[in-house]
Amino acid sequence: LMSVLSSLHVLRTRTPFRDVLTKILVLFAMISLCNCSPNNYTLHAVLVTAPNTGPPIFQSLLSCIQLALDDINNSTEILPNTELMVESYYHFGSAAGAIKRMLQYSEEGVSFVIGNYFVDNIKYTGSVGKVFDIAQLSASVSSPILSNDREYPYFSRLAPPATGQSKVIRETILNFASIQGPRGWDRCAIISTTDPYGVGLSEDFIEVMNEQDEIEIATYQQFIYLGEIDGTKADVQVELREIQDSKARIIVALIVGGYEDLIIDANEFGLVGDSFVWFVGDSISGNFLYNEEAIALSRGLLGTFQYIPEGHKERQYFDDLWLRSDPTIYYGAGETVSPYYYLTYDMVLTSAILIEELDKQGLLDSEEVIPGRVWTNELRKLSVNGTSGLIEFNSIGDRVQPASGSFYDPDTRTWKEYAFYDDVQGYNKIRDVIWHSGTNEIPDLDIREAFHYWSCHDGKKMFDPTGKSISLHTPDGSDIDDIDEDYHCDQFIDCKNLSDESNDCASSYTVLFIVFGCITGFMILVCILLIGLVIVYGLILKYRRLRVASPTFLLILLVSTIIGYSSVYAWFGKPHPVACGFQPWILGLSTISMIAALCAKNFRIWRIFRYQNVKQRISDLDLLVLWFAMILPSLVILVVWTIVSTPTATMEDRGGEEHYVCTTGGFTGKPGGLIFFFILVGYIAIVLMFGVILSILTRKVPTMFNESKLLAISIYNLVFFGCVIIPVVMVINPINPYAAWILRTVATLYGFTVTLVLQFAPLAYDCLLRTIAQPFSIQIQPFLVSAFATLSTRPFQVSR
């Protein structure tokens, strides 16, 4: 510029033709200051399949590239002076071929490449680009593993990472669960292909799902898929069986391909229908279905993709262009539009705008290769209104765009967006989903197996065909009705009215309760009559035989026996915390009281006849103190037992089923109850041994006072009760509570009845004989005379 100005100055002062020459020199200077755009520029693309080969979707993508080229070359706004051309390389799914071509690009000085639809290839070509300084722009790869600026610094893409798709699935499930109820919507199964696409999306989906705790991933299955190019069918029988066993009603298929075979096989396993919801990723929702059976089964299929707004002018322009284009020139034109078409068209459009930007900077005129870093930096600065929406990139080359959810309509064979999501705007509904049922009614995923149950109130087995009309109760309720059918006739009483163990059962608790209840009541009545006998003949008539036997302790023995008999009723009916708490008290105290009374009686006989020449008097009060002294330790044991290891009723596993049974609660739980039980039994054994010693010591006293044989027999029966019945009942009770109840009841009745018979049968017999020999009226006359005599000797005091 300085040389031109200098020349003008010379001409102005030395030549008469300065005006003409000045114009020529100025024009020359202006031309020298301008960059000349190249006549043509070749854009290099790594694509999947060549024209007229491979799946139809890839042939249509080639048409989208050509449409974009034609539009750009016919445009006066983008590269008006440059013809844009595309030179394509087809790798047919081979990563090795793509890598080899990238190395050749490096040798040829190519530093910007478009295409590469497969993450399987890009994860290698991206690394090659990093080493050899080659920038890449992909139209559609969404795998999250590529969001790594350290590993893939020169890789950019028109698809946002699939994390957004994972969030769309999560928010969709949560949205419908909030409307329909969480049951069924709270479990999902994942099935994916083992390629980087399937594994990457699955790991990302699991990570997204771990951000909340409302949805459980029931199972995660993978299968090998090799049919991206030739459609080879994969074997998924094992994987589908696992999903079937998981009982999940939501199935997320994050697969790169093979959906049609998968959904057909899934239908054979009963995993397709109105009560199932299927999700697929963008590799399926961006493609087409061709199998008629798969199309019919896919009604209501939910898919994810990046959000491409409807109705904006660039998208409408492409839709119109695609519909009116000649299908003989542009394969697939005039048919349904895939969202991948928008992305592929925008890939060429964005590349053209990028090339124009570098052309304005004069970089295309240089013979030096433009560094991949420059391509990448300028690309990520762009803001383009494309057919897929606003195109902008973040600092690591990922497109910034919300994700969307779509449902498949088999009638039109199109995907229709129902919502979109991003972290700023949240979940936004677009339209109602038309589900597999053909309606917009949200599926009821709370599908349960039909089952039989037992109605306590009706006393019969009933059936719930829906599996959810009846809410089963657990036996620990106070007045339950509907319980699992397994509780019927299982030997455990679960119904308050006993219907579960009485109606239609081989053995009936009701019958046994009536029989044993009558026997126990009769024996209590006998004890009451014996109490009357002791009072009349022992205390009133002072019958010598009864006086020798100590009426006071006979009454204690009878009261203890009545309480012991009453303990039988504590085991009647359904377990209850109060009844369970009283069982050790009633049975334990009555047993020790009876034994202590027998021992106290014999202790007095032993003391009296120990020194026959010494007159001794041992009053009933003294013996009551001895009796209470023997009772006191058992009281302490029972009090501590109740406080520390409280007997109660609760649900407990018995034979693989939960039953409401008496068990130990408190601070210690079950082991504590057993410990206190054996402590009590041990103390009873000590008292029994004391009784055995007394029996031995009193074996030679006069016959009228000698009760050693009766005491020995009573002790023998009680020892038998303790050593045989207790272990047998403890072993049988968890297995067959019905048999254990019978044994325990019979043993209780036997132990108290034998003692009762041994102690009172001879006394009652003697009293009966005496009554027959001398009528009762004659026997009571002396008592009445004595009573009146006593009264007559006492003066009356009359107060005024």
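Here is what the cut-offs are and how they apply
- Residues numbered from 1 in each chain as written.
- Predicted model: local features only at pLDDT ≥ 70, side-chain atom pairs only at ≥ 80, totals over all residues.
- Heavy atoms only, no water.
- Helix = DSSP H or I, 4+ residues; strand = E, 2+ residues; numbered from the N terminus.
- Contact = heavy atoms within 4.5 Å.
- Areas by Shrake-Rupley, 256 points an atom, 1.4 Å probe, with all protein chains shown as cover.
- Salt bridge = Lys/Arg side-chain N within 4 Å of Asp/Glu carboxyl O.
- Buried < 20%, exposed > 50% of the residue type's maximum accessible area, 1.4 Å probe, protein only.
- Patch = residues over 30% accessible without salt bridge, like charges linked within 9 Å, V, L, I, M, F, W, Y side chains within 5 Å.
- Lys, Arg positive; Asp, Glu negative; His and termini not counted.
- Charge placed at Lys NZ, Arg CZ, Asp CG, Glu CD.
- Expected span 1.5 Å × (residues − 1).
- Pairing = 2+ DSSP bridges.
- Axes fitted to C-alpha atoms, helices over the stretch in contact; angles between N-to-C directions.
- Disulfide = S-S within 2.5 Å.
- Core = buried A, V, L, I, M, F, W, Y, C linked by side-chain atoms within 4.5 Å.
- Parallel < 35°, antiparallel > 145°, perpendicular 65-115°, else oblique.
- Left-handed = near helix turned anticlockwise from the far one by under 90°.
- Nonpolar A, V, L, I, M, F, W, Y, C, P; charged D, E, K, R; others polar.
- Phe/Tyr/Trp six-rings, centres within 6.5 Å; stacked < 30°, edge-to-face > 60°.

> How should the overall build of the chain be read in this particular structure?
Assigned secondary structure in the chain consists of 23 helices and 20 strands. Taking as baseline every contact in the chain between residues at least 6 positions apart, the subset at least 24 positions apart corresponds to 67%. Surface exposure of the chain reaches about 38300 Å², of which carbon and sulfur atoms provide 59%.

> Would you explain the pattern of salt bridges in this entry?
Pairing between side chains of opposite charge can happen when their charged atoms approach one another. One pass over the structure, following the stated rule, counts 20 salt bridges. Asp446 is paired through a salt bridge with Arg183; the nearest N and O atoms lie 3.8 Å apart. On the criterion of sequence distance, the pair formed by Asp446 in the loop between strand E15 (426–429) and strand E16 (451–455) and Arg183 in the loop between helix H6 (163–180) and strand E6 (187–193) is long-range, its members being 263 residues apart. Exposure remark for Arg183: the relative accessible area of 47% places this residue in the partly exposed category. Salt-bridge contacts for Lys247 lead to Glu449; the nearest nitrogen and oxygen are separated by 3.7 Å. Residue Lys247 is found in the loop between helix H8 (237–246) and strand E8 (250–254), and its partner Glu449 is found in the loop between E15 and E16; the two are separated by 202 residues along the sequence. Both residues of the pair, Lys247 and Glu449, count as exposed. Each member of the salt-bridge network shares a partner with another, and the members are Glu87, Arg101 and Glu108.

> Help me understand a negative patch on the surface in this model?
Residues Asp486, Asp653, Glu657 and Glu658 make up a contiguous surface patch of negative charge. Following the sequence through the fold, Asp653 ends up in strand E19 (residues 647–654). Relative accessible area serves as the criterion here: at 46%, Asp653 is assigned to the partly exposed category.

> Explanation requested: the side chain of Glu378 in the structure shown.
Within the element layout of this structure, Glu378 appears in helix H14 (residues 372–379). Beyond its immediate sequence surroundings of up to four residues, Glu378 is in contact with Leu354, Glu357, Leu358 and Gln361.

> Looking at this model, I keep getting lost on helix H20 (residues 670–697). Mind explaining?
Residues that lie three or four places apart on an α-helix share one face, since the helix turns once every 3.6 residues. Here H20 contains 28 residues, and its C-alpha end-to-end distance of 41 Å stays within 8% of the 40 Å for a straight helix at 1.5 Å per residue. By the burial criterion, the buried members of H20 are Gly672, Gly673, Phe676, Leu680, Tyr683, Ile684, Val687, Leu688, Gly691, Leu694 and Ser695.

> How should I be thinking about helix H13 (residues 339–360) in this particular structure?
For H13, which comprises 22 residues, the first-to-last C-alpha distance of 32 Å matches the rise-based estimate of 32 Å (1.5 Å per residue) to within 8%. The element H13 is extensively covered by neighbouring structure, given that 19 of its 22 residues are classed as buried. Positive backbone phi, approximately 75°, marks Gly362, located one or two places after H13.

> Would you mind going over the sheet that holds E8 with me for this structure?
Working definition: the strands of a sheet are paired by backbone hydrogen bonds and lie parallel or antiparallel to each other. Across the sheet, eight strands lie side by side as E7-E6-E8-E9-E10-E13-E14-E15; this open sheet has mixed pairing. On the outer flanks of this sheet lie strand E7 (216–223) and E15, each paired with one strand and no other. Going across the sheet, the axis of each strand differs from the next one's by a mean of 25°, ignoring polarity. In the sheet, E6 pairs with E7 via seven bridges, with the strands oriented parallel. Pairing of Thr193 across the sheet is with Phe223, part of E7. The strands touched by H8 within the sheet are E6, E7 and E8, with E7 carrying the most contacts at an inclination of about 170°.

> Just to check I follow, could you spell out the state of the cysteines for this structure?
Every disulfide links exactly two cysteines, by a covalent bond between their sulfur atoms. On inspection of all chains with the given rule, the structure shows three disulfides. Put simply, Cys456 and Cys495 are joined by a disulfide, and their sulfur atoms are 1.9 Å apart. Disulfide Cys456-Cys495: the torsion about the S-S bond is -65°, which places it as left-handed. Of this pair, Cys456 sits in the loop between E16 and strand E17 (460–464) while Cys495 sits in the loop between strand E18 (482–484) and helix H15 (509–540), and the two are 39 residues apart along the sequence.

> Please explain the nonpolar core as it appears in this structure.
For soluble globular proteins, nonpolar side chains are generally found buried alongside one another. Ranked by size, the top nonpolar core spans 68 residues in total, and within it Trp185, Ile250, Leu271, Trp278 and Phe279 carry the most contacts. A per-element tally of this core places H6 first, with six residues. Discounting residues that sit within four places of it in the chain, Phe279 has contacts with Ile169, Thr172, Ile173, Ile250, Ile251, Val252, Ala253, Leu301, Leu302 and Tyr418. Judged by nonpolar contacts, the second largest core, of 60 residues, contains Tyr509, Leu541, Leu694 and Tyr738.

> Looking at this structure, I do not really get the packing of helix H3 (residues 56–73) against helix H12 (residues 313–324). What am I missing?
Axis angle and axis distance: for two packed helices, these are the angle between their axes and the distance between the axes, and together they describe the pair. Look at H3 against H12: their axes get within 12 Å of each other, and the N-to-C directions meet at 110°. When the interaxial angle is binned, H3 and H12 end up roughly perpendicular. You can see that H3 and H12 cross each other, and the crossing is right-handed. Residues Ser60, Ser63, Cys64, Leu67 and Asp71 of H3 lie in contact with H12, whose contacting residues are Tyr317, Phe318, Leu321 and Trp322. Classifying every residue of the contact of H3 with H12 by side-chain character gives six nonpolar, two polar and one charged.

> Which parts of the structure should I look at to understand unusual backbone geometry?
Residues apart from glycine generally show negative phi values, whereas peptide bonds are mostly found in trans. One non-glycine residue, Leu79, lies in the positive phi region at around 45°. Summarising the element assignment, Leu79 is placed in the loop between H3 and strand E2 (83–90). By relative accessible area, Leu79 is classed as buried at 3%. Positive phi values are uncommon outside glycine, yet Arg413 reaches one of about 55°. Here Arg413 is to be found in the loop between strand E13 (403–409) and strand E14 (414–422).

> Just to check I follow, could you spell out the packing of H6 against helix H7 (residues 196–209) for this structure?
As a packed pair, H6 and H7 sit with axes 9 Å apart at the nearest point and diverge in direction by 50°. For the element pair H6 / H7, the angle class is oblique. When the axes of H6 and H7 are compared, the crossing they make is right-handed. Residue-level contacts link Thr163, Ser166, Lys167, Ile169 and Arg170 of H6 to Leu201, Asp204, Phe205, Val208 and Met209 of H7. A class-by-class count of the residues in the contact of H6 with H7 yields five nonpolar, two polar and three charged.

> Looking at this structure, how should I read the packing of aromatic side chains?
Counting across every chain of the model gives 25 aromatic pairs. Between Phe112 and Trp375, the aromatic rings sit 4.6 Å apart at their centres with planes inclined by 10°, giving stacked as the arrangement. One end of the pair, Phe112, is in strand E3 (residues 112–115); the other, Trp375, is in helix H14, with 263 residues separating them in the sequence. Here Phe112 matches Trp375 in class, with each residue buried. Plain terms: the ring middles of Phe318 and Trp322 are 6.0 Å apart, the flat faces sit at 20° to each other, and that makes the pair stacked. Remark: Trp322 and Phe318 occur in helix H12; sequence separation between them is four residues, near one turn of the helix. In this structure, Phe318 and Trp322 share a single accessibility class: buried. Aromatic ring contacts, followed pair by pair, group Tyr509, Phe513, Phe516, Tyr569, Phe572, Tyr738 and Trp741 into a single cluster.

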